[in-house]
Every structure is written in C-alpha cells, then in structure tokens.
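# Examination of the molecular architecture
In case you want the letters, here they are:
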Amino acid sequence: MESAARIIGTGSAFPERRMTNDDIAQELIRFGLKTNNQWIIERTGIIERRISNIQNEAEINSSLGARAAKIALERAGRKPEDIDQIIYATCSPDTLMPSTACWLQQKIGARSAWAMDINAACSGFIYGVVTAEQFILSGHSKTVLVVGGEVLSQWVNWQDRNICILFGDGAGAAVVEQVPARSSQRILSSHLSSDGNLSKLLYIPAGGSSLEVTPERYAQNLHKMHMSGRELFKVAVRTLTECALRTLEKLHMPAIKLDWFVPHQANLRIIEAVANRIGIPMEKVIINLDRFGNTSAATIPTALDEAIRDGRIREGQTVLTDAFGSGLTAGALLFRW
Ligand code: UT7
C-alpha cells in the first residue's frame, strides 16, 4: 500500500515553578549583573519560563516527556502498546547513556517499541517527525511517538545575562501514524538542513568526550551553554526563512494559503522578522514563548498542542512549523491537521 504519515494526537507538560523576568533580575544581582523586565520583554517577548526542580523525579526530562506522551496517546486514541517506535528529541538528556527515549519507554510502558534519541537541539522535534515519517513510508513502523523535551536550565549559565533570560524547561509529544497516501490529513512536505561550520554559535564546550570537565573548566562555566546571540539572531532569520520557503516551494504553495505558522520560540523579534519575510500575518502565528521562553526541542510540539487544544488549529487546516538550533541545524515541516 502506498502510504503517508499523519500527526494524530499531541500533548505537552511543564514543570510547576514559574520564573519571572523579575526573578532573573534578582538572581543576577548576586553576580553583580543587571537586567530588567522591560528589557527582556522588548528584546525577546519572554515574560516568564518554567524551571524544573530535578530533585523531583516528576520534573526530570523523561518524566515531563512521559506526561506529554500519555496525553498525546489519549488524544490519539492509542495505547502505549500500540507504539512501535519512540524518537526522543533532546539536547539535555536525563543521562548520556542510556537514551532518554529508553527512560521514557519504561515510564509509559511502551513494551513493543524500540527507542532512540535524536540530538538536533531546537530543531529536534522537526527532525524527529521527519524521521518518523521516513520509517513509516518505508514500512518499518506504523505508529511512532515523537517527543521534544528539554531541561536545559541545567546547562544555563546563570551568570550570562544573554542566555539565562531565554531558556525554559518542558516537553511536547506527537503520535505519528501511517495513513493511506491519498489521505488529505497528512505530512505534506519538509526540508532539513545543517551547517557544521556554525557549531560554535551555540554550544557546550566541556562535558563531552572531547573536553573533560575539570575543576578549572567548571569554574569557567565551560560545561554550560555558550552563545553568540547577535550573530545567531541574524543566521536564525535567514535560515528559518529559507527552510520555510523551500518547504512551501516543494508543493508550489504560496504562504498566503497557510492557515497557521508554528515557528521555534527563540525570540519574538526573530519570529516577526521571519513571518514578515515569508509573508505570513502575525495573526496566523502561534506564540507561547511569552509564558514558557525557549524550551528548545519542546517549543514546537508544546505550541502546536496548545493551539490544537484551544481550537485555533482545526481539522483540515494547513500548518507550517519551522525551527533552527545549535549545530547549526534547521528544518521546516508542512502538514494538514
Ligand atoms: O534556540 C536558539 C537560541 N538562541 C537564540 O535564538 C538567540 C538569538 N539572539 C537573541 O535572541 C538576542 O541576540 C539576545 C536576546 C540574546 C540579545 O538581544 P540583542 O538585542 O541582540 O542585544 P545585544 O546583544 O545586541 O546587546 C544590546 C545591549 C548591550 O549593551 P550595550 O553594549 O549596547 O551597552 C548588552 O550588553 O544590551 C545589553 N544586554 C542586556 N541588557 C539588559 C545584553 N543582555 C542584556 C540583558 N539585560 N539580559
């Protein structure tokens, strides 16, 4: 049978603790640094974010992912035993070994599945759904659970005011399933890219096998995220625009025909610049970064889930998602819900 893949259910989960911009300003005072609510809102659009308490097992990455996955399965009308593949997109895994996907598998009891992580940073969810689609098209898998989950607060340098204002924790999930090729509700088109020459725009220098964390490196915060914010901003606008347009071009679809645009939630000014370049009015753009900040691989599935739940995204509508992240990775995915 000629087949296609379709997202049939979504879910999301966040830790309890809200950290406001004022809370961050207070935190920075300890290090002799300044920021304020107005600056953060004007430059990023973020008002607050959620931060995991990792002493609480329920708020570690795989637990947030498991909560999101259970909701997605319920909405899709599927049971954990129906899943034959789990893809966990994350760059803040519970452990380097085993994968966060395996921790999640045990938590939701998906006994028939095989599980793996994907690290494409903030583009991870789109990379995950496109990978799921390929396994479905090849006939290898029928029902794939894709999770984008992060607890990047553990890798935030709280003494770097460019970074600590941006990130938050959370997880989103989607069930992707095989449908007949002629189905109107399906994944329509996608485009993925990466450019390893831009790796150092956003990276964690130490803690991998290339650079051990020594007490000296720890003191220099080399085990935390390092980012060239201004440069990344420009590359993000260019790359997101390019990925979105290439994905639309594959279907000869003008942007005006889109019902919704769900971009990676990194910075409201990046989103506005990209929407403007593609030709999508802001009324059609789904935003959740004001309340959750940049949750990396979780931004798109959580924003998508919220808009589906509150009835903005309706059956039969066309949705374009678009992300960029450390790597530098990027990707866009167009589907009919
Ligand atoms: O998933 C990908 C994740 N990363 C991104 O998407 C990052 C993309 N980049 C950005 O979002 C922005 O570059 C930032 C929000 C990180 C920074 O905003 P910006 O408008 O690019 O600020 P800037 O770095 O050009 O700095 C402007 C001024 C500087 O002061 P001077 O030199 O003009 O006196 C900074 O020192 O703002 C100052 N500044 C701050 N002031 C208050 C930088 N960070 C802060 C802060 N609070 N938190």
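Look a little higher up for the structure.
Reference entry: report on the structure contained in this document. Quick caveat, the model's predicted, so the values are computed rather than measured.

Thresholds, definitions, all that
Residues numbered from 1 in each chain as written. Predicted model: local features only at pLDDT ≥ 70, side-chain atom pairs only at ≥ 80, totals over all residues. Heavy atoms only, no water. Helix = DSSP H or I, 4+ residues; strand = E, 2+ residues; numbered from the N terminus. Rg over C-alpha atoms; globule rule 2.2 N^0.38 Å. Buried < 20%, exposed > 50% of the residue type's maximum accessible area, 1.4 Å probe, protein only. Contact = heavy atoms within 4.5 Å. Core = buried A, V, L, I, M, F, W, Y, C linked by side-chain atoms within 4.5 Å. Phe/Tyr/Trp six-rings, centres within 6.5 Å; stacked < 30°, edge-to-face > 60°.

Looking only at helices and strands, the protein has 10 helices and 13 strands in total. The C-alpha atoms of the protein give a radius of gyration of 19 Å, which matches the 20 Å a tight globule of 337 residues would have. Of all 337 residues assigned to the protein, the portion counted as buried reaches 57%. For the protein, the proportion of contacts with a sequence separation of at least 24, taken over those separated by at least 6, is 76%.

This part takes up the nonpolar core. By size, the foremost hydrophobic cluster in this structure holds 48 residues, and its most contacted members are Leu248, Ile270, Ile278, Leu320 and Phe324. Those elements that place two or more of their residues in this core are α1 (21-29), α7 (229-249), α8 (268-278), β12 (318-325) and β13 (329-336). Broken down by element, this core gets its largest block of residues, 8 residues, from α7. Here leucine 320 is in contact with Ala244, Thr247, Leu248, Leu258, Trp260, Phe261, Val262, Ala332, Leu333 and Leu334, once residues within four sequence places are set aside. Membership of the second largest hydrophobic core comes to 31 residues, among which are Ile136, Val262, Ile308 and Leu333.

Glancing now at the packing of aromatic side chains. Following the criterion strictly, the structure yields 2 aromatic pairs and no others. Residues phenylalanine 14 and phenylalanine 292 carry aromatic rings whose centres are separated by 3.7 Å and whose planes lie at 10° to one another, so their mutual orientation is stacked. Pair noted here: phenylalanine 14 is in the loop between β1 (3-13) and β2 (18-20) and phenylalanine 292 is in helix α9 (residues 289-292), with a separation of 278 residues, a long-range link. With respect to burial, phenylalanine 14 and phenylalanine 292 carry one shared label: buried.

Okay, the side chain of glutamate 306 next. Relative to the elements of secondary structure, glutamate 306 occurs in helix α10 (residues 299-309). Under the relative-accessibility criterion, glutamate 306 is labelled buried at 15%. Not counting residues up to four positions away in its chain, the partners in contact with glutamate 306 are Ile287, Asn288, Arg291, Phe292 and Arg312.

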